[in-house]
Amino acid sequence: MYILAVETSSDRASVSFLKETKIIASGSVSGKYSHNKRLFEMIENVLKSACMEQNNIDLFALGTGPGSFTGLRIGASAVKGMATALNKKIIPVPSIDAVALRAFEENPDYGGSDIGIAVEGMQKDFFYCIYTRLEREVVKKSEIVVHPYGFSSYIDGVTAGNVEEINVSFKKYIPEIWPEAQYVGRLAYIRRFTDSSDDSFEPHYHKEFKNVRV
Amino acid sequence: MIVLGIESSCDDTSVSVLKDGNILSVATNTQTVHSGYGGVIPEVASRAHLKNISAVLKNALDKAAVGLNDIDAVGATYGPGLVGPLLVGLNFAKGLAFSLSIPLVPVNHIESHILANFIEHPDIEYPFLALVVSGGHTELVYSPSFGKYELIGRTRDDAAGECIDKVSKMLGRGFPGGKIMDSLASEGDSGFTVFPRGMKNSPDFSFSGLKTAVKYYIEKNDKAFIDQNISDIAASFIDSVTDSLTEKLFSAAELKKPATVLLAGGVSANTSLRKKASAYAAKKSIRLCYPSVQYCTDNAAMTAMSAYMMIKKYGTDRFRFDPELDAVPFLRIEDKKI
Ligand SMILES: Nc1ncnc2c1ncn2[C@@H]1O[C@H](COP(=O)(O)OP(=O)(O)OP(=O)(O)O)[C@@H](O)[C@H]1O
Ligand SMILES: [Mg+2]
C-alpha cells in the first residue's frame, strides 16, 4: 500500500511517500508564508524521487494539527482536491501525535516513560499534551490544552516539541521536534482501519473562534 | 469543452460546471454564520469553506450529471478577496487540476464579475465600459479588447455595497443589506428626503459622506419616525447611491464612447440602478447589459465562464498546472497580465 503524507501545520511543511510504514521519499520546506507556493512542488518532487505516478497512491495521510490555521487549511484543501480527483481515502492524523511519535523514536531513553508534547500555537501560546508509547502507537494520557508562552510551573518530566526555547521554560526540554509528514504517514497506515473521514472533515483547530456579537 | 469553476473569495463557496460556454450547473453554499456579526469574519469564513467545499463540488457535478473525469479544465478565483477563503478554494482547485492532470486557469474575481455578462449575452461587443459595484469594489473599468482593462475611476472610501450593508445595519434591518434595502426602496418615495451625492464632477466615487449623513439623520429623528418612514428613507438613500453610480457611468460613457455598457457585481442586482442605467442607455441608443440576479452576487458560473473565455483566447498551454500559483488578496484589475 502506497501512502502520500502531507503535513503543513507548522512553519515547516513536509511531504512523504511511504510504502506501508517505510519511507520511500520525503521533502520539506520552511518559512512562514511559503506553504501555498511550495506544497505542490514538494509533492511533484517527492513523487519523482520515489519514481511513482499519482495513480500509485492508495491512501492520503494528512496532518490535522493543531497549529497554524492557514497552514492546516492549505494542506487540507489541497489533499481534499487530490483525493477527490483520484477517488482515494484521506486518513487524518493529528500532527501533535506525529510529534509524539518522533519524540519517542528520536529519544529511546524515554521510551518507557511519558513525554509531554509542546506544539507551537502561533499566538504566543502552545498546545500541550502528555503521551505514552504503546507498541507502534502513541497514546494521549491527557487532553490537549493551550498554555501561554512561559507557562511551565507544574509541568514535570520531559517535554519535547517545536516551541522555541526562549518562549518556554520546561525542566527538561527536547527542542526542535517538529511535526513531519513521514510520522503522519506511518500513523495513518497503522490507523487506516480505525480512522476514516468524510468529505466535510476539518483540521483540529483546537481554538474556538470567538467573536463579539455586534 | 467542460470547465469547472471554483469561487471562494468571500463568504460563498460556489462550484459550477460549464460546457462550451453554457452553464450546466451552479452549486453554492452561502454562509449564514456571519449574519449575527454584521460583517464577514475571515477565520469563520475560511473554516466554513474548507468544511463545505467537497459537498458543493459533488452537488455541482451531480446537478450537471458529469463526472470529474469529464472535466477538461479548472478555473479558480485567486484574488482579490479574503486571503483565507481564497487559499481554500485555490488549493482545492490545485489539488483537482494536479491530480486530474488538466489545466488550471487563475481567475481575477473582479474580471469574472464583469465577464458574468457574457453568460447570457455572449455577443457583447468591445470596447465596453463596465461599472463594477460589489461589497468590496466600486470601479469604472474600460475594456478596449478581451483581457485589457483601464481603470477610469474607483471609490475613495467605502464600496457601494459596503455602504448599503452598513446603512441597513444602522437602520436595524440586517446583513447583508442589499436585497433588504432594495425591496424597501422599491416601495418608498425617493423624494422623501435628500441625502448628499459624493465626489461630484470626478470619475471617482465616495460613499462615506453619505453613510455619515444617514447616521446623523437616524440620530436626529426618533426611532418611531424612522420605522414609520423606513421605505421612504431607504428609497431616498438608494436614490443617492444609484445617482452617484449612474452619473459617473454616463459621464465616462460620453467620454469613452464604448460599444456596450455593462453593470457587474452584487449591487448591479439593484432595481433602481438597473432602471436608471436602462433609461440612459435607451436615450443614448447604447447597448446596456447586466447579468440576471443569480450571476450578480458571487457565484462560480462567472468563474467558469472567465476560465472558458481565457482558454478560448489563449489556448490551454498557457494554463498548464503551475505549482506556485498563489492567492493575491489585493489583485487589481488594471494589473492583469493574462
Ligand atoms: N439588490 C441589491 N441592491 C443593492 N445591493 C445589493 C443587492 N443585492 C446584493 N447587493 C449587495 O452586493 C454586495 C455583494 O456583492 P458581491 O457578492 O459581488 O460582493 P463581494 O463578493 O462581497 O465583494 P467583491 O466582489 O468586491 O469582493 C453586498 O454588499 C450586497 O449588499
Ligand atoms: Mg464578489
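Just so you know, these numbers come straight off a predicted model, no measurement behind them. (Residues numbered from 1 in each chain as written. Chains lettered and ligands numbered in written order. Predicted model: local features only at pLDDT ≥ 70, side-chain atom pairs only at ≥ 80, totals over all residues. Heavy atoms only, no water.)

### Considerations on the overall build of chain A
Applicable threshold: Secondary structure elements are taken from DSSP: a helix is a run of H or I of four residues or more, a strand is a run of E of two residues or more, and numbering for both begins at the N terminus. Computation of the radius of gyration draws on C-alpha atoms alone. For the globule rule, the value is 2.2 Å times the number of residues to the power 0.38. Only the protein chains shown count as cover for residues, with accessible areas throughout obtained via the Shrake-Rupley method and a probe of 1.4 Å.
Tallying secondary structure elements over chain A gives four helices and eleven strands in all. For chain A, the C-alpha radius of gyration of 17 Å lies close to 17 Å, the compact-globule estimate for 214 residues. In terms of overall dimensions, chain A has C-alpha extents of about 55 × 50 × 30 Å along its principal axes. Accessible surface computed for chain A: about 9,500 Å², of which carbon and sulfur atoms make up 48%.

### Notes on the domain arrangement of chain B
All names here are of chain B. The line we're drawing: Domain start and end points were adopted from an automatic or database domain assignment. Contacts are assigned to residue pairs that have any heavy atoms within 4.5 Å of one another. The term buried area denotes the loss of accessible surface (1.4 Å probe radius) that occurs when two parts are joined, taken as the sum for both partners. Every case where a carboxyl oxygen of Asp or Glu lies within 4 Å of a side-chain nitrogen of Lys or Arg is listed as a salt bridge. Charged residues are taken to be Asp, Glu, Lys and Arg, nonpolar residues to be Ala, Val, Leu, Ile, Met, Phe, Trp, Tyr, Cys and Pro, and polar residues to be all remaining types, Gly included.
Once the domains are mapped, chain B shows domain 1 (2–114 + 299–335) and domain 2 (124–294). Measuring from the centre of the C-alpha atoms in domain 1 to the corresponding centre in domain 2 gives 27 Å. Counting residues at the interface gives 18 residues for domain 1, matched by 18 residues for domain 2. Buried surface at the junction of domain 1 and domain 2, summed over both partners, amounts to about 1,500 Å²; 68% is from carbon and sulfur atoms. Taken together, the links from domain 1 to domain 2 amount to one salt bridge. Glu334 serves as the salt-bridge partner of Arg154, at 3.4 Å between the closest nitrogen and oxygen. Class assignment of the residues belonging to the side of domain 1 that touches domain 2 gives a composition of eight nonpolar, six polar and four charged.

### Here we look at unusual backbone geometry
In terms of backbone geometry, most residues other than glycine have negative phi values and most peptide bonds are trans. Put simply, the test is: The buried label applies to any residue whose accessible area, calculated with a 1.4 Å probe on protein chains only, is under 20% of its type's maximum; exposed applies above 50%, and partly exposed to all values in between.
Between Gly65 of chain A and Pro66 of chain A the backbone carries a cis peptide bond, its omega angle lying at 0°. With respect to the helices and strands, the residue Pro66 of chain A is situated in the loop between strand S4 (59–63) and helix H2 (69–86). The step from Phe175 of chain B to Pro176 of chain B runs through a cis peptide bond, and the omega angle for that step is -10°. Of note, Pro176 of chain B is situated in the loop between helix H5 (160–170) and helix H6 (178–186). Backbone geometry at Lys257 of chain B places phi at a positive 45°, although glycine is not the residue there. Note on Lys257 of chain B: relative accessible area 60%, which makes it exposed.

### Structural notes on the environment of Ser183 of chain B
Residues and elements named next belong to chain B. What counts, and what does not: Between N or O atoms, a polar contact is any pair within 3.5 Å; within protein, one atom must be a potential hydrogen donor and the other a potential acceptor, and residues adjacent in sequence are included only when both atoms are from side chains.
Its location among the elements puts Ser183 in helix H6. Sequence spacing of Ser183 and Leu68 is 115 residues, and the spatial spacing of their C-alpha atoms is 40 Å. Only 3.3 Å separates the side chain of Ser183 from the backbone oxygen of Ile180, close enough to count as a polar contact.

### A closer look at the sheet that holds strand S9 (residues 260–264) of chain B
Residues and elements named next belong to chain B. As a reminder of what qualifies: A pair of strands is treated as paired once DSSP finds two or more bridges between them. Only the contacting stretch of a helix is used when fitting its axis, a line to C-alpha atoms as for every element, and angles between N-to-C directions run 0 to 180 degrees.
On the basis of which strands lie adjacent, the open sheet formed by five strands has the order S8-S7-S6-S9-S10 and mixed pairing. In the strand order of this sheet, the two ends are held by strand S8 (150–154) and strand S10 (287–289), each with one partner. Going from strand to strand, the sheet's axes swing by 20° on average, the running direction of each strand aside. Pairing analysis gives five bridges linking strand S6 (residues 128–133) to S9, with the strands arranged parallel. Looking at S9, one finds that Leu131 is bridged to Leu263. Across the sheet, helix H9 (residues 230–256) lies against S6, strand S7 (138–143), S8 and S9, angled at about 160° from S6, the strand it touches most.

### A closer look at the pairing of S6 of chain B
Residues and elements named next belong to chain B. Within S6, six of the six residues are buried, which leaves the element mostly enclosed by the surrounding structure. Covered by surrounding structure in S6 are Phe128, Ala130 and Val132 together with Leu129, Leu131 and Val133, the residues of both alternating faces. The loop that links S6 with its antiparallel partner S7 comprises four residues.

### Quick look at the packing of aromatic side chains
Keep this limit in mind: Two aromatic rings, drawn from Phe, Tyr or Trp (for Trp, its six-membered ring), form a pair once their centres lie within 6.5 Å of each other, and the interplanar angle then sorts them: stacked below 30 degrees, edge-to-face above 60, tilted otherwise. We count a charge as sitting over a ring when the NZ of a lysine or the CZ of an arginine lies within 6 Å of the ring centre and within 35 degrees of the ring normal.
In the structure shown here, the tally under the stated rule is 16 aromatic pairs over all chains. For the pair Phe118 of chain B and Phe128 of chain B, a centre-to-centre distance of 6.3 Å together with 55° between the ring planes defines the contact as tilted. Of the two residues, Phe118 of chain B sits in helix H4 (residues 117–120) while Phe128 of chain B sits in strand S6, which places them ten residues apart along the sequence. Across the pair, exposure class does not vary: Phe118 of chain B and Phe128 of chain B are buried alike. Among the aromatic residues, those joined into a cluster by ring pairs are Phe126, Tyr128, Phe170 and Tyr173 of chain A. The ring of Phe201 of chain A is capped by Lys80 of chain A, whose NZ or CZ atom sits 5.1 Å from the centre of that ring.

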